[in-house]
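Below are the chains, spelled out letter by letter.
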Amino acid sequence: PQHFKERGHGQSLLYVLEHHFGIFLDKGEETLTPVCIVGSDARTLGIKDGAAVVLKACLVQNVSGEAVLYEEALWCAPQTQLVQRKAGVS
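Residues numbered from 1 in each chain as written. Predicted model: local features only at pLDDT ≥ 70, side-chain atom pairs only at ≥ 80, totals over all residues. Heavy atoms only, no water.

**Thoughts on the overall build of the protein chain**
Our working definition: Think of it this way: any DSSP run of H or I at least four residues long counts as a helix, any run of E at least two long counts as a strand, and we number them from the N terminus. Note on contacts: a residue pair is in contact if any heavy atoms of the two residues lie within 4.5 Å.
A count of helices and strands for the protein chain gives 2 helices and 3 strands. Listed N to C, the secondary structure of the protein chain is α-β-α-β-β in terms of helices and strands. Here the analysis covers contacts within the protein chain between residues at least 6 apart in sequence; of these, 37% occur between residues at least 24 apart.

Pasting the structure below:
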């Protein structure tokens, strides 16, 4: 396995793609969608069928507009807390 000497943000996947593999990133989009979870996903998370969760989908593209990274994650209470801070907004 490859090991990286960096610590902190230098270990992030996006940092590694740019600085170790020369894949230059341009833009990304993260979408949060409330959904009801069922079946094996509910069982894996140990919650009831039909429980409300948040589906997070993230897409990152390179400078050529090609998809470089796509991930999905399910967030369920009580682990989920969304915080948005803005500075300098008039």
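**Overview of the pattern of salt bridges**
Our working rule: Salt bridge criterion: a side-chain nitrogen from Lys or Arg within 4 Å of a carboxyl oxygen from Asp or Glu. Burial classes: relative accessible area under 20% of the type maximum marks a residue as buried, over 50% as exposed, and values in between as partly exposed (1.4 Å probe, protein chains only).
Overall, the coordinates contain 2 salt bridges when judged by the stated rule. Where Glu30 meets Lys56, a salt bridge forms, and the shortest distance between an N and an O atom there is 3.6 Å. Residue Glu30 is found in strand 1 (residues 25–37), and its partner Lys56 is found in strand 2 (residues 51–62); the two are separated by 26 residues along the sequence. What makes Glu30 partly exposed here is its relative accessible area of 48%.

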